[in-house]
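Report on the structure
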Amino acid sequence: MSRSAPVVFSPEYECDIGPHVFPTQKYRLVRDGLVAAGLLDARDVRCPAAAPREDLLLVHSAEYLDDLEQLRWTPRTRMSELPLTESVVRAYILGAGGTTLAALTALESRFAIHLGGGFHHAFSALASGFCYINDLAVAIRVLQRDGRIRRAAVVDCDLHQGNGTAHVFREDERVFTFSIHQEHLYPVKERGNLDIGLENGAGDEVFNGRLAAALPRVWEHRPDLVLYQAGADPYEDDQLGALRLSIPGLLERDRLVLEGCAGHGIPAVVTLGGGYARRVSDTVRIHQNTCELALRMSAGVGQGRDAGSGALPGPAGEAR
Ligand SMILES: [Zn+2]
């Protein structure tokens, strides 16, 4: 257990956004599930500090950060589909600190898990969807600035395209952005280094087949670090999408990405991304499966095909 991947989480990720499709309690529920499964000691969870403004400025404009700080609706913030309150802004700034902390620790420990983050729709000076701060981009820029990494890749397997991330890194040859997503859906697509837009109804076989064929392009980039956006929303019972992945299919997706990173000796950071299943327990189960796989792999246990069957025992719900 002591050699398992570091896990980063803040209780402040759960904040009041009113009646909403985004269950902010999911972060806590995944943490609780991992503890109950005996894979995580609650005392080992690392709590991030808020990302300092100088770190946020590596990605976001000063005017935009001022809007967030002063809770101002402006042309820069009004595309957000979340309330703009102090606790919401704090959750996003903490989230950027969390992905940065996880990325730093992953360099030492091969894997790290952030029970948060993956807010890939945020642009430098524009909120978008449920994203105010692009934690993925901030983490990469901080590690580059500090000389900890030179090259990075983002492997984005969320239902939605990682448009903000693609845009931030559009002119940075050191950062490879890969997104596999539902084509006919929010957002308006940006051009990343590799984009795979899937037709409505695509299921396990199509998704994982296309993913497996694409991942060699990521390895060819020779990244010093992979940030994995493991959105739970390609799930067949998600309320926002029309992809049709099963819970075991999503775990196979995770295995393709994480075993690929391990096989190429590339440190990997798991971030959770989206997840809007009709039943919150399904979203939690999908995220928990991703984290359990990373924890088991990092502990050197169960790296084989039986590391997770999609029906791992746990209190958060049953695989279906
Ligand atoms: Zn999404």
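Counting restarts for each chain: residues are numbered from 1 in the order of the written sequence. In keeping with the predicted nature of the model, local features appear solely for residues at pLDDT of at least 70, side-chain atom pairs appear and are counted solely at 80 or more, and the whole-chain, interface and lining totals rest on all residues. Values shown for side chains rest on all heavy atoms present in the structure; no hydrogens or waters enter the calculation.

The strand order across the open sheet built from seven strands is S1-S2-S7-S6-S3-S4-S5, with neighbouring strands paired in parallel fashion. The sheet is open, and its two edges are formed by strand S1 (7–8) and strand S5 (194–198), each paired on a single side. Note: two strands are recorded as paired if DSSP finds a minimum of 2 bridges between them. Each helix is a run of DSSP H or I of at least 4 residues and each strand a run of E of at least 2, with the numbering of both proceeding from the N terminus. Bridge count between strand S2 (residues 111–114) and strand S7 (residues 268–271): three bridges; the pairing is parallel. Note that in S7 the partner of Ala 112 across the bridge is Val 269.

Our focus in this paragraph is the packing of helix H7 (residues 204–220) against helix H8 (residues 247–263). In this analysis an axis means a line fitted to C-alpha atoms, helices contributing only their contacting stretch, and an angle means the value between N-to-C directions, from 0 to 180 degrees. As a packed pair, H7 and H8 sit with axes 10 Å apart at the nearest point and diverge in direction by 10°. With respect to their mutual orientation, H7 and H8 come out roughly parallel. Residues Asp 204, Phe 207, Asn 208, Leu 211, Ala 212, Leu 215 and Trp 219 of H7 form the contact with H8, whose participating residues are Gly 249, Glu 252, Arg 253, Leu 256, Val 257, Gly 260 and Cys 261. Here the angle decides the label: under 35 degrees means roughly parallel, over 145 means roughly antiparallel, 65 to 115 means roughly perpendicular, and every other value means oblique. Two residues form a contact once any of their heavy atoms are found within 4.5 Å.

This part is about the packing of aromatic side chains. Centres within 6.5 Å are what make two rings of Phe, Tyr or Trp a pair, Trp counting through its six-membered ring; a difference in plane orientation under 30 degrees is then read as stacked, over 60 as edge-to-face, and the rest as tilted. One pass over the structure, following the stated rule, counts eight aromatic pairs. With a centroid separation of 6.5 Å and 80° between ring planes, the pair formed by Phe 22 and Tyr 276 is classed as edge-to-face. Pair noted here: Phe 22 is in the loop between S1 and helix H1 (26–36) and Tyr 276 is in the loop between S7 and helix H9 (280–298), with a separation of 254 residues, a long-range link. Ring geometry for Tyr 92 and Phe 119: centres 4.6 Å apart, planes at 50°, overall tilted. Separated by 27 residues along the polypeptide, Tyr 92 in helix H4 (residues 86–109) and Phe 119 in the loop between S2 and helix H5 (135–145) bring together distant segments of the chain. Here's how the labels work: a residue is buried when its accessible area is under 20% of the maximum for its type, exposed when over 50%, partly exposed in between, all with a 1.4 Å probe on protein chains only. Since its relative accessible area comes to 11%, Phe 119 is described here as buried. One aromatic cluster is present, built from ring pairs that chain together Phe 9, Tyr 13, Phe 22, Tyr 27, Phe 130 and Tyr 276.

A helix's residues, less one, multiplied by 1.5 Å, set its expected span. With 17 residues, H8 extends 24 Å between its outermost C-alpha atoms, agreeing within 8% with the 24 Å of an ideal straight helix rising 1.5 Å per residue. With 12 of 17 residues buried, H8 is to be regarded as a mostly interior element. Close packing links the buried residues of H8 with S2, strand S3 (152–156), H7, strand S6 (226–229), S7 and H9. The term polar contact refers here to a pair of N or O atoms within 3.5 Å; inside protein, the definition further demands a hydrogen-donor-capable atom paired with an acceptor-capable atom, and it admits residues adjacent in sequence only when both atoms are side-chain atoms. A distance of 2.9 Å separates the backbone nitrogen of Gly 249 from a side-chain oxygen at the start of H8, and that oxygen is part of Ser 246. Just beyond H8, the residue with positive phi is Gly 265, at close to 70°.

What follows covers the confidence of the model for the protein chain. Each residue gets a pLDDT score, which is the predictor's confidence in that residue and runs from 0 to 100. The share of residues in the protein chain with pLDDT of 70 or more is 93%, and the mean pLDDT across the chain is 93. This stretch, residues 302–320, has a pLDDT under 50; its non-local contacts, to residues over four places away or in other chains, come to 45 contacts.

This brings us to the pattern of salt bridges. We define a salt bridge as a contact between a side-chain nitrogen of Lys or Arg and a carboxyl oxygen of Asp or Glu at a distance within 4 Å. Within the structure shown, the criterion is met by 17 salt bridges. For Arg 148, the salt bridge identified is with Glu 108, shortest N-O distance 3.1 Å. Taken as a pair, Arg 148 in the loop between H5 and S3 and Glu 108 in helix H4 lie far apart in primary sequence, 40 residues in all. Looking at Glu 108, the relative accessible area reads 64%, which means it is exposed. Among the salt bridges present, the one from Asp 172 reaches Arg 141, with a minimum N-O distance of 2.6 Å. With Asp 172 in the loop between helix H6 (163–168) and strand S4 (175–182) and Arg 141 in helix H5, the pair connects residues that are 31 residues apart, well separated along the chain. For the pair Asp 172 and Arg 141, one class covers both residues: buried. The network of salt bridges with shared partners includes Arg 53, Asp 66 and Glu 69.

Once that is clear, we can look at empty space enclosed by the protein. Think of a 1 Å grid over the protein atoms and nothing else: a 1.4 Å probe that fits but is trapped marks a cavity, an open set flanked by protein within 12 Å on at least five of seven lines marks a pocket, and residues with an atom within 4 Å of a point count as lining. Grid points are joined across faces, edges and corners, and a volume is the space filled by probe spheres set on the points. Taken as a whole, this structure holds two cavities of 30 Å³ or more when the rule is applied. In terms of lining, the largest cavity is formed by 13 residues, of which the most central are Tyr 13, Tyr 27, Ala 91, Tyr 92 and Phe 119. For the lining of the largest cavity, the leading source of residues is H4, giving three residues. Residue polarity follows a fixed list, in which Ala, Val, Leu, Ile, Met, Phe, Trp, Tyr, Cys and Pro are nonpolar, Asp, Glu, Lys and Arg are charged, and the others, Gly among them, are polar. Of the residues contributing to the lining of the largest cavity, the split by class is nine nonpolar, four polar and no charged. Val 154, Asp 156, Gln 161, Gly 162, Thr 165, Ala 166, Thr 177, Phe 178, Ser 179, Gly 192, Leu 194 and Asp 195 are the residues that line the second largest cavity. For the lining of the second largest cavity, the element with the highest residue contribution is S4, accounting for three residues. For the lining of the second largest cavity, the per-class residue count stands at four nonpolar, six polar and two charged.

Let's shift gears to unusual backbone geometry. In this model, Tyr 186 is joined to Pro 187 through a cis peptide bond whose omega is -5°. In this structure, Pro 187 sits in the loop between S4 and S5. Positive phi, normally seen in glycine, also occurs at Leu 71, with a value near 55°. Among the secondary structure elements, Leu 71 is positioned in the loop between helix H3 (62–69) and H4. By relative accessible area, which is 32% here, Leu 71 ends up partly exposed. Phi at Arg 222 takes a positive value of approximately 55°, unusual for a residue other than glycine. Turning to its location among the elements, Arg 222 is positioned in the loop between H7 and S6. Since its relative accessible area comes to 66%, Arg 222 is described here as exposed.

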